[in-house]
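These are the residues of each chain, in order.
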Amino acid sequence: VEDFRCYYNEKNIDALEKIYADDALIITGSVLKNQPNADMNVPSVKYRKQDKQTYMKSLRSIFARNKYIDIKFDKITVVRHGAKPDLYGVTLHQDWNTSTYSDKGWLFLLWDFRDEEQPIIHVRTWQPNQVVQTDEDVFSLDDFYIP
């Protein structure tokens, strides 16, 4: 997890390209300003499902327009998959700061350690703090079907 964090802070796109599986499911989101969800009195969030290529293109743009990127992780939880011992669900709280933008939210990562020298991420999700009311609201290993 620390290496993963440093890849972003160092703007190391090559390392990030290697750590995400070619068929990775990547879900990003953005909080829509001035559009709260009337039923829950929380902001509306627009989620985007992206493939690896689209996400990497977006990251290159983010890296290019920001003087710095400073990501911090805390509240890290690691859960080993019951039937597939090489798969791990990692949930962590992220504090994302750049020269042009900042937010706080929750990441879920599905890591595959079949090759311990080159683990890969199959799933990456992000949820803003504003939509997470309890621990059960955060994506976890149980939210994904793994054949």
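Below is a short write-up of the structure. (Residues numbered from 1 in each chain as written. Predicted model: local features only at pLDDT ≥ 70, side-chain atom pairs only at ≥ 80, totals over all residues. Heavy atoms only, no water.)

**Some details on a nonpolar patch on the surface**
A surface patch of nonpolar side chains, amounting to about 230 Å² of accessible area, comprises V1, I76 and V78. If you trace the backbone, V1 turns up in the segment before α1 (2-9). V1 sits in the partly exposed class, given a relative accessible area of 34%. (Patch = residues over 30% accessible without salt bridge, like charges linked within 9 Å, V, L, I, M, F, W, Y side chains within 5 Å. Areas by Shrake-Rupley, 256 points an atom, 1.4 Å probe, with all protein chains shown as cover. Salt bridge = Lys/Arg side-chain N within 4 Å of Asp/Glu carboxyl O. Helix = DSSP H or I, 4+ residues; strand = E, 2+ residues; numbered from the N terminus. Buried < 20%, exposed > 50% of the residue type's maximum accessible area, 1.4 Å probe, protein only.)

**Quick look at the side chain of D95**
For D95, the position within the fold is in strand β4 (residues 87-98). Side chain to side chain, D95 and N97 meet in a polar contact 3.1 Å long. For D95, the residues in contact, after removing those within four places along its chain, are D70, I71, K72, D103 and K104. (Polar contact = N/O pair within 3.5 Å; in protein donor to acceptor, adjacent residues only side chain to side chain. Contact = heavy atoms within 4.5 Å.)

**Thoughts on the environment of T91**
Relative to the helices and strands, T91 is located in strand β4. Along the primary structure T91 and F144 are separated by 53 residues, whereas in three dimensions their C-alpha atoms are 13 Å apart. T91 has contacts with K75, I76, T77, W106, L107, F108, V138, F139 and S140, leaving out every residue within four places of it along the chain.

**Some words on the packing of aromatic side chains**
In total, this model carries ten aromatic pairs according to the counting rule given. With centroids separated by 6.2 Å and ring planes inclined at 20 degrees, the aromatic side chains of F4 and F73 adopt a geometry described as stacked. Of this pair, F4 sits in helix α1 while F73 is found in strand β3 (residues 69-80), placing the two residues 69 residues apart along the sequence. Under the relative-accessibility criterion, F73 is labelled buried at 16%. On the basis of an interplanar angle of 15 degrees and a centroid distance of 5.7 Å, the ring pair of W111 and F113 is categorised as stacked. Overall, the relative accessible area of 6% leaves W111 in the buried class. (Phe/Tyr/Trp six-rings, centres within 6.5 Å; stacked < 30°, edge-to-face > 60°.)

**Focus on the pairing of strand β5 (residues 102-112)**
Burial within β5 is extensive, with nine of its eleven residues counted as buried. Direction of pairing for β4 relative to β5: antiparallel, over a ladder of eleven bridges. In the strand pairing of β5, N97 is matched with S102. Remark: three residues form the turn of the hairpin made by β4 and β5, two consecutive strands paired antiparallel. Bridge count for β5 against strand β6 (residues 120-128) is eight bridges, and the pairing is antiparallel. Paired with L107 across the strands is W126, a residue of β6. (Pairing = 2+ DSSP bridges.)

Function cannot be read off these values alone, since they describe shape.
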